[in-house]
Amino acid sequence: MFEALGRGAYRWRRWVLAAAVAFLAFAAVWGTGVFGRLVGSGFDDPASDSYRAAQLAADRLGRDEADVIVVYRDADRTVDDPAFRQAVTGTLAALPAGVVERTTSWWSSGADPLVSADRHSTSAVLQLRGDADQRAAGLESIGPRLAAPGLETLVGGAEALDRDINEQVSEDIARAETLSMPVLLVLLVLIFGSV
């Protein structure tokens, strides 16, 4: 079977080459349309019942998600220290209203779960404005401004997690392609006997 296929490919080599070039051109033109259809981020299926139920709840009740969670910590001072409070509340108040829809902190809510048991750290919960892409861009714009002066600052939450996953996946794909291409070229030379 392969011998007949090889003989036919050799006999009609010009037509095979022309067909391969035509198919490559067609694939290149047709394949460029995928870039406008692929989207990044998100693990939800818009056709699922759970997604539609969540959208309905958000439309009727408003969106109530913790997009960004910021932990502020000081090894020496507690949250009861006025300087600690001023550093956190001042930082949160300086965030742009066009990006941050709502901030919740221990000082604004009185919610004890936002303070650690040793009272040396506290969490602030931020809800960002806009859709998923706007929230991702919003986190990028306010990221450097989340650090409170004199305090250790840790940033987490759904948006930060999505950003970190996307960055890690991009790095991993680039590394995989960099490592696999030389191996593939060597295998092609070994299998076909020439470049």
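Residues numbered from 1 in each chain as written. Predicted model: local features only at pLDDT ≥ 70, side-chain atom pairs only at ≥ 80, totals over all residues. Heavy atoms only, no water.

Asker: Can you help me understand the nonpolar core in this one?
Answerer: Formed by 24 residues in total, the largest nonpolar core has its most connected members in Tyr 72, Leu 126, Ile 142 and Leu 146. Among the secondary structure elements, those contributing two or more residues to this core are strand E1 (68-73), helix H4 (82-93), helix H5 (106-109), strand E3 (121-128) and helix H6 (132-142). When residues in this core are grouped by element, the largest group, four residues, is from H4. Here Leu 126 is in contact with Glu 65, Ala 66, Asp 67, Val 68, Val 70, Leu 92, Leu 95, Val 100, Arg 102, Thr 103, Ile 142 and Leu 146, once residues within four sequence places are set aside. (Core = buried A, V, L, I, M, F, W, Y, C linked by side-chain atoms within 4.5 Å. Buried < 20%, exposed > 50% of the residue type's maximum accessible area, 1.4 Å probe, protein only. Helix = DSSP H or I, 4+ residues; strand = E, 2+ residues; numbered from the N terminus. Contact = heavy atoms within 4.5 Å.)

Asker: Looking at this structure, I do not really get the packing of aromatic side chains. What am I missing?
Answerer: Any two aromatic rings considered together are summarised by their centre-to-centre distance and by the angle between their planes. All told, the structure shown has three aromatic pairs when counted by the stated rule. For the pair Phe 26 and Trp 30, a centre-to-centre distance of 6.3 Å together with 5° between the ring planes defines the contact as stacked. Of the two residues, Phe 26 and Trp 30 are both situated in helix H2 (residues 13-31); the distance of four residues between them amounts to about one turn of the helix. Residue Trp 30 is classed as exposed on the basis of its relative accessible area of 65%. Their ring planes at 70° and their centres at 5.6 Å tell us that Trp 106 and Trp 107 sit as a pair that is edge-to-face. Above the face of the Tyr 10 ring, Arg 13 is positioned so that its terminal group lies 4.4 Å from the ring centre. (Phe/Tyr/Trp six-rings, centres within 6.5 Å; stacked < 30°, edge-to-face > 60°. Lys NZ or Arg CZ within 6 Å of the ring centre and 35° of its normal.)

Asker: Before we go on, may I ask you to explain H4 in this structure?
Answerer: Structurally, the α-helix is built with 3.6 residues per turn, so residues lying three or four positions apart point the same way. Under the 1.5 Å per step criterion, the end-to-end length of H4 is 16 Å for 12 residues, consistent within 8% with the ideal 16 Å. Within the sequence span of H4, burial applies to Phe 84, Ala 87, Val 88, Thr 91 and Leu 92. The arc enclosing the buried residues of H4, seen along the axis, measures out at 120°, which places them on a common side. Exposed side of H4, more than 90 degrees from the buried face: Pro 82, Gln 86 and Ala 93 are the residues found there. (Expected span 1.5 Å × (residues − 1). Arc of directions from axis to C-beta.)

Asker: Can you walk me through the environment of Arg 14 in this structure?
Answerer: Of note, Arg 14 is situated in helix H2. Sequence separation between Arg 14 and Asp 81 is 67 residues, and the spatial gap between their C-alpha atoms is 82 Å.

Everything listed here is a matter of coordinates, which is why it stays silent on function.
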